[in-house]
Amino acid sequence: MTKMGRIPVSECSCVSRDVASPCGEITHAMSLSQIEAMSLSQIEAMSLSQIEATSLQLTRKIDKIATGSYTKYASAGHRYTVILCQQGHGRPQGLMLRCVVLFTASQAIMCKSGVSMPKAPGNTMRPSAAKDDGQPINNLPGLYPTEDWVVYYWDVEPQAELRSRRAVIQLPHGYADACPEVWIGGSGCVHNVRRWGVQCYTRILQDIGFDPSIYLAHDVEQFPSSEDEVISILINATHFDLPAHFVIASVQHPLLLFDPQGILKGSYTRWHTYLGALAYMFSNGKVNGYFGRLHAENRALYNEALTYVLQALQQSKA
């Protein structure tokens, strides 16, 4: 399988300007400044070898683009990657994968117009530690009275399959009384969704009179101070790993949280899309984009990119 950012000799490409490719033809990699001056028809008329060489050259800028330190010729980069995707039918698989990577980069540039960029992965992208045993999920079993909530969510499995799932989480008793009913898209009592699961608001515990201090074990070996143990209890009471490989949550695939009476009290649609999860998995974490904006503004391009990455990931796992 082709590694992102590297073009094998078998694809007849080169890695520098104005040098002979392994196929014996001269390949000219275009710079973003040159692309900026080109018309749409000129970009579409670029040869396959020229597109491959240009793709490699631009791919090397992705790290700078992702950190926001490279913003010059943003419109050119965006225009080029769109053309690359639109004209990509029948081209080598490696080029299509670079197309998706490049679009991630151009999307990051376009975020300069006001859309915030995802933060560094950190704890948000760790694998889930939840067991898939069908039992209610409670991080502190028996410590305090609880109530059963049902969460419906979407999971992208290691083989790239998209699967709808259901789990029961146990929140402290009284939590439902402090959460208003919401429509899909309203966060309600859901604070965040992460690759590993769901985070509910800890502040609601204060609203219902939940006092973590009465549950302290005063284990000085595990917690240097009582404050550390209090924080641990608050987090464990409201943050739940879900049985999943990669939890996604988007407008197309929302996470839904229902209280014990079956009333929707929380949802989330601002996390990774299906394409975002696949791109992250295929690139081993190098591409960490939600792709929600792409899905909203250019559904056709989103679907095309999804097809490319899905096929490549499935082939790599075969």
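Please refer to the structure placed before this passage.
What you are looking at is a predicted structure, and each value in this text was computed from that prediction instead of being measured. (Residues numbered from 1 in each chain as written. Predicted model: local features only at pLDDT ≥ 70, side-chain atom pairs only at ≥ 80, totals over all residues. Heavy atoms only, no water.)

Asks: Would you explain the overall build of the chain in this entry?
Replies: The helix and strand tally for the chain stands at 11 helices and 10 strands. Counting over 318 residues, the chain shows a buried share of 51%. For the chain, the exposed surface amounts to about 15,400 Å²; the carbon and sulfur share of it is 52%. (Helix = DSSP H or I, 4+ residues; strand = E, 2+ residues; numbered from the N terminus. Buried < 20%, exposed > 50% of the residue type's maximum accessible area, 1.4 Å probe, protein only. Areas by Shrake-Rupley, 256 points an atom, 1.4 Å probe, with all protein chains shown as cover.)

Asks: How should I be thinking about the environment of Ser267 in this particular structure?
Replies: Among the secondary structure elements, Ser267 is positioned in strand β10 (residues 264-270). Of the residues examined, Ser267 reaches a relative accessible area of 0% and is grouped as buried. Expressed as a C-alpha distance, the spacing of Ser267 and Ser250, which sit 17 residues apart in the sequence, is 9.9 Å. Once residues within four sequence positions are removed from consideration, Ser267 is found in contact with Trp183, Ile184, Gly185, Gly186, Ser187, Val190, Leu255 and Leu256. Of note is the side chain of Ser267, whose polar atom sits 2.9 Å from the backbone nitrogen of Gly185. (Contact = heavy atoms within 4.5 Å. Polar contact = N/O pair within 3.5 Å; in protein donor to acceptor, adjacent residues only side chain to side chain.)

Asks: I keep staring at unusual backbone geometry and nothing clicks. Help me out?
Replies: Note: most residues except glycine have negative phi, and most peptide bonds are trans. Its identity as a non-glycine residue notwithstanding, Ala160 has a phi of 85°, on the positive side. With respect to the element layout, Ala160 can be found in the loop between β3 (146-156) and β4 (162-172). The buried category is assigned to Ala160, whose relative accessible area is 1%. With a phi close to 65°, Phe291 is a non-glycine residue in the positive phi region. Structurally, the position occupied by Phe291 is in the loop between α9 (274-282) and α10 (292-297). On the basis of relative accessible area, Phe291 is assigned to the buried category, the value being 1%.

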